[in-house]
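Next come the chains, spelled out residue by residue.
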Amino acid sequence: MSKKFLEVRGLKKYFEAGRPSFFAKDPRNVHAVDGVDFTLRRSEVIALVGESGCGKSTLALLLMGLENPTAGSIKFEGMDITHLNDGERKSHDLRRKIQMVFQDPYESLNPTQTIEEIVTEPLLVHGMMNTPDRDERVQKAMEDAGLKPADVYLRRYPHELSGGQRQRVVIAAALVLEPELILADEPVSMLDVSIRAEVINLLAELRIKRQIAVIFITHDLGSVGFFADRVAVMYLGRIVEIGSMLEVLENPKHPYTKALISVIPVPNPRLRHERIILQGETPNPINIPSGCRFHPRCPVAIASCALSDPPMLSLNKSHQAACLLLVK
Amino acid sequence: MQTTLQTVERSNPLGVRFLGFWNTFKKSRTGVLGLVMLTVIILVAIFAPLLAPYGRLETVSISDIYKPPSALHLFGTDDAGQDVFSNFVFGARVSLTVGFFAAFISIIIGGTFGLVAGFFGGRWENFIMRFTDIMLVIPDLPLMVVIVALTKPSLLNIIFVIGLLGWTTTARVVRSQTLAVKSRKFVLRARAIGASRGHIISRHILPLVMPILVVQAVLVISLAILNESALSFLGLGDPTTLSWGQMLNYAFGRGAMSAGAWWALVFPGFGIVWVVLGLTLLGQGLEQVLNPRLDTHHLMPSRPVVQNEARAKPVPSQALLEALNLSIHYVNDEGRAPARAVENVSFTLNEGELLGLVGESGCGKTTLMLALLRLLPSAGQIVDGRVYFHGRDLTALSEVEMNEIRWSGISIVFQGAMNALNPVRTVGDQIAEAIIKHIPLYPREGIPARVTELLDLVGIAADQRDHFPHQYSGGMRQRALIAMALACNPQVIIADEPTTALDVMIQAQILELLDLLRKKLGLAIVFVTHDLGIVAEMCDKVLVMYGGVTAEYANVDVIYNDSQHPYTQELLKAFPDLTKPKKKLTSIPGYPPRLDALPAGCRFAPRCPAVFDRCHAEEPSLHQIGNDGHIASCHLIERTR
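Since the model is a prediction, treat every value here as computed from it, not as a measurement.

> Honestly, the overall build of chain A in this entry has me stumped. Any pointers?
Along its length, chain A carries 11 helices and 12 strands. In terms of overall dimensions, chain A is globule-like: its C-alpha atoms have a radius of gyration of 21 Å, near the 20 Å expected for 328 residues. Across its three principal directions, the C-alpha atoms of chain A cover 65 × 55 × 45 Å. In chain A, which comprises 328 residues, the proportion classed as buried is 59%.

Structure below.
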């Protein structure tokens with residue numbers, strides 16, 4: 001397929017934060033997403049990594065059409081879907097093709113619904129309750145999500161399941177519509193480490209079995225491991241480094257990426273190493289620092305970093321980073 | 001367990017839901033009492049013609065005015081020579097009819113307004129809620145009086161007037177519940193799959209608003225009955241019917257007081273009190289069922305320590321903190337077997353040492369830590385073992401003595417920094433309070449300097465002392481909690497998953513801080529976590545717990561490079577290691593056991609990849625491996641030797 005599966009260009013989302021004072025002329029803006037570009041191929045897995053406040057969750061809501069972008073474009077299978085409204089999204093089948101898995105499996109299931117009601121709800125919404133293959137679909141989605149045998153779970157309520165099982169229910173409810181793209185927003189961060197592997201392996205399996213592309217949003221590069229093909233590192237609303245997982249992990253170019261990778265705990269006390277711990281926290285996205293937005297926290301910043309915003313530099317075909325120190 | 005699941009699956013889920021509801025409701029004595037009271041009066045109203053010895057408004061005899069209660073007239077007679085008991089019974093019909101119908105109108109209006117305002121927000125909400133506020137400010141009763149006086153005082157009019165004026169509180173309650181439900185993630189998930197507004201309201205909002213609406217309805221009914229009585233008492237009732245309010249009105253207006261005919265006043269009054277009390281009790285019971293968290297809180301005292309005196313008192317070592325054969329159970333009042341949350345766990349902690357406590361959720365980690373400080377919830381009980389701090393047995397101390405140890409000897413940093421801080425007081429204030437509470441004689445003038453010093457120690461600038469917790473970021477709040485834990489110079493800090501909800505970079509900052517404090521102040525730290533990476537980076541010793549027992553206890557290097565317990569090995573296999581790109585992660589199948597339904601034999605046997613026959617039959621004992629204090633509880637260790 002020559003058409004790009006998902007193409008995001010210059011995507012921006014500003015939220016109004018209210019006027020700083022009654023007399024101020026213009027309201028302040030929160031620059032949640034501030035110029036994001038990336039593409040995704042069919043059945044590709046990309047990890048979107050960054051700290052809270054870097055705009056990764058807003059980006060997911062923009063892609064889902066649950067927020068309207070301020071600028072930029074989103075193309076899905078060659079079609080511009082940037083400004084489609086709810087009805088148009090539904091009629092173009094986007095609400096079926098793109099599904100989302102949320103962070104908190106305790107919050108994202110309605111406690112008064114049975115698992116059966118939860119998993120069949122998408123079919124009800126899409127008017128597919130009376131199709132002859134309905135039961136088969138539900139069965140297949142549940143078993144593909146690792147809820148085997150499906151009928152053991154159907155009559156139960158979310159509170160009767162463990163965290164890992166609940167996240168499987170959320171995934172089953174996404175699979176029942178046979179999506180092409182799943183946006184997973186921190187799908188394992190609320191789960192015990194022993195269960196995280198289970199959910200990640202499940203997503204990896206689905207991508208092979210059903211050719212589903214996955215955008216895996218996380219603050220912890222370690223939790224994605226090598227499941228992702230590519231990784232995009234976000235800082236204050238923008239992607240600062242993007243490249244193949246292996247390359248970025250072994251040879252990070254942006255100082256922010258280097259720091260993020262250095263703080264991933266290594267489960268071996270013999271490999272205790274120097275960590276690059278950035279001080280402070282992500283600045284408030286109302287006042288974006290001048291020049292390179294990372295320079296106030298950057299351990300290797302030079303004077304010119306405060307002056308010019310570094311462009312995205314291609315280091316090779318599959319690796320780009322935006323840092324002035326790379327321009328030489 | 002398997003069989004109970006099967007039966008639940010086969011029966012009707014609605015039936016199950018109701019049965020579950022009834023079983024919880026049964027426990028609320030007030031609720032059941034209220035329900036009984038209400039049922040009695042409803043039955044009286046329904047079977048009024050059978051119960052009443054005389055007809056409705058039937059005059060027995062003109063000469064029998066204000067006759068006291070007797071066998072002939074149980075409640076006496078009134079001013080018109082009518083039987084008070086018969087009027088009381090028929091009056092119940094009128095009062096209850098007005099109450100139920102008026103409440104029905106109120107609930108429909110209030111429910112709709114609240115739902116629309118909460119769900120759609122914006123202009124709708126503004127308009128509806130301002131209108132509600134205005135209606136709420138106008139005193140109901142005078143307005144009702146005016147309206148009823150202007151219209152014909154028929155029963156229907158009264159129902160409508162009470163109904164149309166009684167919806168305001170319902171609208172507010174429903175709106176706030178709708179707002180709360182609307183912001184939950186499952187509503188966003190429904191939107192993401194393309195659900196329409198109607199679908200979201202009927203499938204997601206209504207089922208969660210309904211319980212509150214039911215409680216509200218019960219209260220609105222009682223209000224409506226009170227309002228009707230008040231109107232009737234003021235002489236604005238329907239003259240063709242006789243409600244309890246009207247009975248009061250007639251008796252009062254026609255000299256029952258001066259005639260000493262208390263029965264004409266007391267019995268209708270009793271009816272009103274009976275119904276309103278019944279409804280209030282019922283409402284309270286319902287609220288307890290629908291909001292079960294009202295029941296338990298952190299202020300309940302915990303149970304006394306029980307010591308197994310048969311066991312010889314163990315001799316403490318020189319360690320700073322030592323737990324010896326500690327066992328903790330959660331007991332319950334329903335006669336079920338207690339949950340054996342922790343069993344026979346021992347560890348030692350020396351000065352400046354960092355012990356990692358690892359295990360999945362529900363393995364008894366937090367219970368063990370709370371037991372050290374004797375802060376267990378009320379159902380928790382230390383049933384065996386000792387805790388030595390500086391050689392003193394903490395399990396034998398009185399509550400007062402224990403209070404001296406808490407915070408100034410051993411302090412604790414909880415997970416979830418937002419919940420552990422009081423949102424309406426500044427951070428500096430809360431730290432100062434921690435100092436004063438534990439060192440009452442601390443010189444008052446020295447406190448501000450001490451607070452600044454503590455904040456500086458954890459990397460918070462002094463000018464942020466007077467900020468409120470919500471002005472702090474997650475990482476800052478965690479730092480503030482650490483400052484609070486340091487307030488009384490403890491020697492031991494228990495950190496219960498202090499970084500679980502934080503970003504990796506902030507987590508690294510907090511870990512660095514704890515390590516720094518340990519070196520600077522010589523603190524010993526117990527670090528509770530399920531993240532093996534953190535443990536490998538920081539700890540000296542590791543205690544791996546599974547299902548409430550020690551799986552393995554050893555130096556950090558042994559745990560990661562020479563672990564003997566299959567659980568430790570499986571945990572390590574599940575943890576992502578970016579230094580090994582080819583390694584496939586494997587998860588441990590299944591889940592930790594429920595502590596009140598533990599398997600026979602080894603608690604890990606059902607999930608263990610190396611399980612053999614003996615594991616299902618016999619609980620493994622703690623095996624000593626080498627001389628380095630390495631302990632593991634697994635039958636395999638005997639086999640390999």
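> Would you mind going over the confidence of the model for chain B with me for this structure?
Close inspection of predicted coordinates is inappropriate in any region flagged by low pLDDT. Summarising the model, chain B shows a mean pLDDT of 85, and 92% of its residues fall at 70 or more. Contacts from residues 1–12 of chain B, a stretch scored under 50 in pLDDT, to residues over four places away or in other chains number 9 contacts.

> Can you help me understand the environment of tyrosine 553 of chain B in this one?
Residue and element names in this part refer to chain B. Locating tyrosine 553 in the fold gives a position in strand S10 (residues 549–555). Classification of tyrosine 553 by relative accessible area gives buried; the value is 8%. Tyrosine 553 has contacts with Phe347, Thr348, Leu355, Lys541, Val542, Leu543, Gly629, His630 and Ile631, leaving out every residue within four places of it along the chain. Here the side chain of tyrosine 553 touches threonine 348 through a polar contact of 3.2 Å, landing on its backbone nitrogen. Within the local environment of tyrosine 553, its side chain forms a polar contact with the side chain of lysine 541, the two groups lying 3.4 Å apart.

> Could you clarify how one ought to interpret the interface of chain A and chain B in this entry?
Often, the extent of an interface is quoted as the loss of accessible area upon association of its parts. On the chain B side, the residues contacting the 71 residues of chain A number 65 residues. Approximately 6300 Å² of surface area, both sides summed, lies buried where chain A meets chain B, with 57% of it carried by carbon and sulfur atoms. For chain A, the biggest contributors to the area lost against chain B are Val193, Pro267 and Arg272 of chain A; these three give 10% of the whole. Summed over the shared surface of chain A and chain B, the result is 2 salt bridges. With a closest N to O distance of 3.1 Å, arginine 184 of chain B and glutamate 107 of chain A form a salt bridge. Taken together, the connections running from chain A to chain B amount to 19 residue pairs in polar contact (both at pLDDT 80 or more).

> Would you mind showing me how to read unusual backbone geometry here?
Apart from glycine, the bulk of residues carry a negative phi angle, and the bulk of peptide bonds sit in the trans form. Residues and elements named next belong to chain A. Residue proline 149 follows lysine 148 across a cis peptide bond; omega there is -15°. For aspartate 93, which is not glycine, the phi torsion reads 70° and is therefore positive. Considering the arrangement of structural elements, one finds aspartate 93 in the loop between helix H2 (86–91) and helix H3 (94–97). Look at aspartate 93 and you get partly exposed, because its relative accessible area is 28%.

> Explain the sheet that holds strand S1 (residues 321–330) of chain B to me, please; I cannot follow it from the model alone.
Consider a sheet: its strands pair through backbone hydrogen bonds, and that pairing is either parallel or antiparallel. All names here are of chain B. Strand order across the open sheet formed by 4 strands is S2-S1-S4-S5, with antiparallel pairing between neighbours. Taken across any chain shown, the strands that pair with only one partner, and hence form the sheet edges, are strand S2 (339–349) and strand S5 (392–393). Its contacts with the sheet put helix H14 (residues 365–372) on S1, S2 and strand S4 (380–389), and the angle it makes with S1 is roughly 115°.

> How should a nonpolar patch on the surface be read in this particular structure?
Taken together, the side chains of Leu43, Ile46, Phe47, Leu50 and Leu51 of chain B define a hydrophobic patch exposed on the protein surface, amounting to about 500 Å² of accessible area. Positionally, leucine 51 of chain B belongs in helix H4 (residues 48–51).

> What should I look at first to understand the pairing of S4 of chain B in this one?
Regular strands place their side chains on alternate faces of the sheet. Residue and element names in this part refer to chain B. With 9 of 10 residues buried, S4 lies mostly within the body of the structure. With 2 bridges joining them, S4 and S5 adopt antiparallel strand pairing. Bridge pairing in S5 links phenylalanine 389 to arginine 392. As consecutive antiparallel partners, S4 and S5 are separated by 2 residues, and within that stretch histidine 390 has a phi angle of approximately 55°, a positive value.

> Explanation requested: helix H19 (residues 474–486) of chain B in the structure shown.
Along an α-helix, a turn takes 3.6 residues, which lines up residues three or four apart on a common side. Residues and elements named next belong to chain B. With 13 residues, H19 ought to run about 18 Å at 1.5 Å a step, and its terminal C-alpha atoms sit 19 Å apart, in line with that. Counting buried positions along H19 gives 12 out of 13 residues, so the element sits mostly inside the fold. Looking at H19, one finds that the buried residues are Gly475, Met476, Arg477, Gln478, Arg479, Ala480, Leu481, Ile482, Ala483, Met484, Ala485 and Leu486.

> Just to check I follow, could you spell out the packing of helix H6 (residues 122–137) of chain B against helix H9 (residues 168–182) of chain B for this structure?
The relative placement of two packed helices comes down to the angle between their axes together with the axis-to-axis distance. Residue and element names in this part refer to chain B. Running from amino to carboxyl end, H6 crosses H9 at an angle of 145°, the nearest separation of the two axes being 9 Å. Remark: the crossing between H6 and H9 carries left-handed chirality. Across the interface between the two elements, Glu125, Met129, Thr132, Asp133, Met135 and Leu136 of H6 pack against Thr168, Thr169, Ala171, Arg172, Arg175 and Leu179 of H9. Across the contact of H6 with H9, the residue classes break down as 5 nonpolar, 3 polar and 4 charged.

> What am I meant to see in the state of the cysteines here?
Two cysteines form a disulfide when their sulfur atoms are joined by a covalent bond. For the coordinates displayed, the defined rule picks out 0 disulfides over all chains. Here cysteine 298 of chain A stays unpaired: no disulfide links it, and the sulfur of cysteine 305 of chain A, its closest cysteine neighbor, is 6.1 Å away.

> Is there a simple way to explain the domain arrangement of chain B in this structure?
Domain boundaries assigned for chain B yield domain 1 (87–294) and domain 2 (321–409 + 488–640). Computed over C-alpha atoms, the centres of domain 1 of chain B and domain 2 of chain B are 54 Å apart.

> I'm lost on the packing of aromatic side chains in this one. Help?
Each pair of aromatic rings is reported with the distance of its centres and the angle of its planes. Under the definition given, this model contains 19 aromatic pairs over all chains. Three or more aromatic residues joined by ring pairs form one cluster here, namely Phe75, Phe85, Phe88, Trp244, Trp262, Trp263 and Phe267 of chain B.

> I keep staring at the side chain of threonine 178 of chain B and nothing clicks. Help me out?
All names here are of chain B. Turning to its location among the elements, threonine 178 is positioned in helix H9. Residue classification places threonine 178 among the buried residues on the basis of a relative accessible area of 0%. Side-chain polar atoms of threonine 178 contact the backbone oxygen of valine 174, separated by 2.6 Å. Excluding residues within four positions of it along the chain, threonine 178 makes contact with Gly114, Leu115, Gly118, Phe119, Ile205 and Val209.

> Is there a simple way to think about the environment of arginine 293 of chain A in this case?
All names here are of chain A. Within the element layout of this structure, arginine 293 appears in the loop between helix H11 (255–262) and strand S11 (313–316). We classify arginine 293 as buried; its relative accessible area is 7%. In this structure, arginine 293 is in contact with Asp34, Tyr235, Leu236, Arg238 and Ile288, ignoring residues within four places of it in sequence. A polar atom in the side chain of arginine 293 sits 2.7 Å from the backbone oxygen of leucine 236.

> What is the right way to look at the pattern of salt bridges in this model?
Summed over the entire model, instances satisfying the criterion amount to 47 salt bridges over all chains. In this structure, the salt-bridge partner of glutamate 186 of chain A is lysine 56 of chain A, at a minimum N-O distance of 3.7 Å. Of the two residues, glutamate 186 of chain A sits in the loop between strand S7 (181–185) and helix H8 (193–210) while lysine 56 of chain A sits in helix H1 (residues 56–64), which places them 130 residues apart along the sequence. Lysine 56 of chain A carries the same exposure label as glutamate 186 of chain A, and that label is buried. Glutamate 433 of chain B is the salt-bridge partner of arginine 425 of chain B, the closest N and O atoms lying 3.2 Å from each other. Given a relative accessible area of 32%, glutamate 433 of chain B falls into the partly exposed group. Salt bridges here are not isolated pairs; linked through shared partners, they connect Lys140, Asp144, Glu205, Lys209 and Arg210 of chain A.

> How should helix H5 (residues 84–120) of chain B be read in this particular structure?
Residues and elements named next belong to chain B. Relative to the 54 Å expected for 37 residues at 1.5 Å per residue, H5 spans 52 Å between its end C-alpha atoms, a close match to the ideal helical length. With 26 of its 37 residues buried, H5 lies for the most part within the structure. Glycine 121 lies just past H5 and shows a positive phi near 60°.

Calculation criteria
- Residues numbered from 1 in each chain as written.
- Chains lettered and ligands numbered in written order.
- Predicted model: local features only at pLDDT ≥ 70, side-chain atom pairs only at ≥ 80, totals over all residues.
- Heavy atoms only, no water.
- Helix = DSSP H or I, 4+ residues; strand = E, 2+ residues; numbered from the N terminus.
- Rg over C-alpha atoms; globule rule 2.2 N^0.38 Å.
- Buried < 20%, exposed > 50% of the residue type's maximum accessible area, 1.4 Å probe, protein only.
- pLDDT = per-residue confidence, 0-100.
- Contact = heavy atoms within 4.5 Å.
- Polar contact = N/O pair within 3.5 Å; in protein donor to acceptor, adjacent residues only side chain to side chain.
- Buried area = accessible area lost by both parts, 1.4 Å probe.
- Salt bridge = Lys/Arg side-chain N within 4 Å of Asp/Glu carboxyl O.
- Pairing = 2+ DSSP bridges.
- Axes fitted to C-alpha atoms, helices over the stretch in contact; angles between N-to-C directions.
- Patch = residues over 30% accessible without salt bridge, like charges linked within 9 Å, V, L, I, M, F, W, Y side chains within 5 Å.
- Areas by Shrake-Rupley, 256 points an atom, 1.4 Å probe, with all protein chains shown as cover.
- Expected span 1.5 Å × (residues − 1).
- Left-handed = near helix turned anticlockwise from the far one by under 90°.
- Nonpolar A, V, L, I, M, F, W, Y, C, P; charged D, E, K, R; others polar.
- Disulfide = S-S within 2.5 Å.
- Domains from an automatic or database assignment.
- Phe/Tyr/Trp six-rings, centres within 6.5 Å; stacked < 30°, edge-to-face > 60°.

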